[in-house]
Amino acid sequence: MNICLVSPPYNSAVTSTLGSSSPPLGLAYLASVLRKEHKVKIIDSATLNYTLEDLRRELKSFNPDIVGITSVTPSIYKAYAVAKVAKEVREDCTVVIGGPHVTFLPKETLKECKYIDIVVKGEGEETIKELTKAIEKNGSLEEVRGITFRKNGLIRDNEPRPFIKDIDSIPFPSRDLLPMDLYQFNGVKYTTVLTSRGCPFGCSFCSSSRLFGGYWRGRSPENVIEELKIIREDYKIRDIELMDDTFTLNRKRAEEICDRIVKEGLDIAWSASSRVDTINRKLAEKMRKAGCWIIYLGIESGNQKILDSIGKKITLNQVKKAVKIVKNAGIQVLGSFILGFPEDTVQTIKQTINFAKKLNLDYAQFSILTPYPGTPIFDYAVKNGLLLTKDWSKYTVIDPVMKLKNLTARQLKSLLQKAYFSFYLRPKIIWRWIKNRQFIFVKDAIKAVVDYIRERRYMRQT
């Protein structure tokens, strides 16, 4: 069969600002599972700058039996538009959709879009193999675990599929089906790698533990190194982002991967994410020696009571210690903060902004709490009638979509702009970027100031 896997024509707020996009790893993994028995094509619409008409042209040329679409919450309407185009191109094709949003709202997805036939929930590699066999043989879908589908005008929700225990068994993603030269950041080619799945922490604002399991599954160091060597040697890519929720969760494994990178003489520059309570001096130094140049730390709040209320299970002292350890190892730090938790006030958010400024961070990312489907905070918001909208396109992390008892939406938006304004327009930050020729960040800082001034002017006029 001809199977076309599509990432919708959607640019996130981050992509629009930085002018970069990431490879759709999920689709590339599915392609590797399918291509031994089927002809597979991947269309990364956003990276290719495709319109729906461009997509229509590609689909007509390929004539797919199955169209698989991936989507996150804010891009779901674009995914629906892709499904519509697919059915217009070939009415008898089977349209399948996967991703975090539809995993948690499978029935709602099928009700909202009549052009979608099947929803794949959670990890898709095993499900898609079983599903394509059933479609090819016109077999029954009732026995395919991990899907929700239409039958005789009704929606059937099959039982979940267990998570893949041995993720070394999953073939490497089919990067040769992607426009690899187009994935760039600040003018440099880069790609992404996933070395583990699952998260045991269950923070209230995150769906990872539900999407990929509440237990961690790591690939072996040998398997990871093999993929890194292919990227470096076959694709000539040096800059790599490790997409794990917490690369440092298993310190012994992380250290071994670093040791092997050094032993193999892999000339790569890479980034990774860590919790502040899973990094120590020994590991940080090994990561730096192996080419890690920046670590993403999920800090979230500068108020201990807020951290406790969201189930983060870290302390402000652990944050300070972790930042110091990473910086002393010669690695840059990007701290992530979320504004607008249920217990937040103007005062606690100002504490978060001031805390971010006192830490020796190189970069700070501020976002507005967004209750994505699948997160505990979404369940809380629905139960208490706190959602301001179910227009999923507004779930962008820069727009308030949940009622707060202590803050208005306008206050929250203004505080977000103030956070960027006060953090980045400091002489030491601007000078560091100029010295390192990181002009893209200077541009972003100026944009943040302009947005802040516009917002203040608007508020004075209304």
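Described in the following lines is the structure provided in the data block.

Cut-off values and rules
Residues numbered from 1 in each chain as written. Predicted model: local features only at pLDDT ≥ 70, side-chain atom pairs only at ≥ 80, totals over all residues. Heavy atoms only, no water. Salt bridge = Lys/Arg side-chain N within 4 Å of Asp/Glu carboxyl O. Helix = DSSP H or I, 4+ residues; strand = E, 2+ residues; numbered from the N terminus. Pairing = 2+ DSSP bridges. Axes fitted to C-alpha atoms, helices over the stretch in contact; angles between N-to-C directions. Contact = heavy atoms within 4.5 Å. Phe/Tyr/Trp six-rings, centres within 6.5 Å; stacked < 30°, edge-to-face > 60°. Lys NZ or Arg CZ within 6 Å of the ring centre and 35° of its normal. Parallel < 35°, antiparallel > 145°, perpendicular 65-115°, else oblique. Left-handed = near helix turned anticlockwise from the far one by under 90°. Nonpolar A, V, L, I, M, F, W, Y, C, P; charged D, E, K, R; others polar. Buried < 20%, exposed > 50% of the residue type's maximum accessible area, 1.4 Å probe, protein only. Right-handed = clockwise from strand over helix to strand, strands pointing away. 1 Å grid on protein atoms, 1.4 Å probe; cavity = no way out; pocket = protein on both sides within 12 Å on 5 of 7 lines; lining within 4 Å. Points joined across faces, edges and corners; volume = space filled by probe spheres on them.

Turning our eyes to something else, we now look at the pattern of salt bridges. On inspection of all chains with the given rule, the structure shows 34 salt bridges. Residue Arg197 pairs with Glu125 through a salt bridge whose shortest N-O separation is 2.9 Å. Of the two residues, Arg197 sits in strand β10 (residues 196-197) while Glu125 sits in helix α8 (residues 125-136), which places them 72 residues apart along the sequence. The shortest N-O distance in the salt bridge between Glu227 and Arg175 comes to 2.8 Å.

Below, the discussion takes up the sheet that holds strand β5 (residues 118-120). Pairing is mixed across the open sheet formed by 7 strands, whose spatial order is β2-β1-β3-β4-β5-β6-β7. Each edge of the open sheet carries a strand with a single partner, namely β2 (39-44) and β7 (154-157). Here the average twist between neighbouring strands, direction ignored, is 20°. Across the face of the sheet, helix α2 (residues 25-34) comes into contact with β1 (2-7), β2 and β3 (66-70) while running at roughly 170° to β1. In the packing of α8 onto the sheet, the strands contacted are β1, β3, β4 (94-98), β5 and β6 (147-151), and the crossing angle to β5 comes to about 160°.

Here we come to the packing of aromatic side chains. Each aromatic ring pair is described using two quantities: the centre-to-centre distance and the angle formed by the ring planes. Summed over all chains, the structure comprises 12 aromatic pairs. Chaining the aromatic ring pairs together yields one cluster made of Phe337, Phe366, Tyr420, Phe423 and Tyr424. The ring of Phe423 has Arg426 sitting right over it, with the charged end atom 4.5 Å from the ring centre.

Let us now look at the packing of helix α15 (residues 346-358) against helix α17 (residues 409-424). The relative placement of two packed helices comes down to the angle between their axes together with the axis-to-axis distance. Running from N to C, α15 and α17 point in directions that differ by 15°, and their axes come no closer than 10 Å. By the angle class used here, α15 and α17 are roughly parallel. Crossing of α15 over α17 shows right-handed handedness. Residues Val346, Ile349, Lys350, Ile353, Ala356 and Lys357 of α15 form the contact with α17, whose participating residues are Gln411, Leu412, Leu415, Lys418, Ala419, Ser422 and Phe423. In terms of residue class, the contact of α15 with α17 is built from 8 nonpolar, 2 polar and 3 charged.

Burial within strand β15 (residues 332-339) is extensive, with 7 of its 8 residues counted as buried. In this structure, strand β14 (residues 292-300) lies alongside β15, joined through 6 bridges in parallel fashion. Residue Leu297 lies in a different strand from β15, and its bridge partner there is Gly335. Taken together, the 6 bridges between β15 and strand β16 (residues 363-368) define a ladder with parallel strand orientation. Its bridge partner being in β16, Ser336 is matched across the sheet by Gln365. With respect to chirality, the unit in which β15 leads through α15 into the neighbouring parallel β16 is right-handed.

For the rest of this paragraph, the subject is the pairing of β7. As defined by bridge partners, β6 adjoins β7 across 4 bridges and the pair is classed as antiparallel. Following the sheet pairing, Phe149 is matched in β7 by Arg156. Counted along the chain from β6 to the antiparallel partner β7, the turn is 2 residues long, and its residue Asn152 has a positive phi close to 55°.

Interaxial distance between α2 and α8 falls to 9 Å at its minimum, and their mutual angle equals 45°. What the angle tells us is that α2 and α8 run oblique. Crossing angle aside, the handedness with which α2 passes α8 is right-handed. Residues Tyr29, Leu30, Val33 and Leu34 of α2 touch α8, and the partners they reach there are Glu125, Ile128, Lys129 and Thr132. Split by residue class, the contact of α2 with α8 holds 5 nonpolar, 1 polar and 2 charged.

Right, let's get into the side chain of Ser273. With respect to the helices and strands, Ser273 occurs in strand β13 (residues 269-274). We classify Ser273 as buried; its relative accessible area is 16%. If we skip the residues at most four places from it in the chain, Ser273 touches Leu242, Asp244, Asp245, Thr246, Phe247, Thr248 and Tyr296.

To continue, consider the layout of surface pockets. In this model, the second largest pocket occupies a volume close to 210 Å³. Forming the boundary of the second largest pocket are 17 residues, of which Lys121, Gly122, Pro160, Arg161 and Phe163 lie nearest the centre. For the lining of the second largest pocket, the secondary structure elements donating two or more residues are α6 (100-104), α8 and α9 (208-211). At 3 residues, the largest contribution of residues to the lining of the second largest pocket is made by α8. Among the residues forming the lining of the second largest pocket, the class breakdown is 6 nonpolar, 5 polar and 6 charged.

For the structure shown, the criterion picks out 2 cavities of 30 Å³ or more. By volume, the largest cavity amounts to about 70 Å³. In the lining of the largest cavity, the residues fall into 6 nonpolar, 2 polar and 2 charged. For the second largest cavity, the calculated volume is near 50 Å³. Contributing elements (two or more residues each) for the lining of the second largest cavity: α10 (221-234), β12 (239-242) and α11 (251-264). Split into classes, the residues belonging to the lining of the second largest cavity amount to 9 nonpolar, no polar and no charged.

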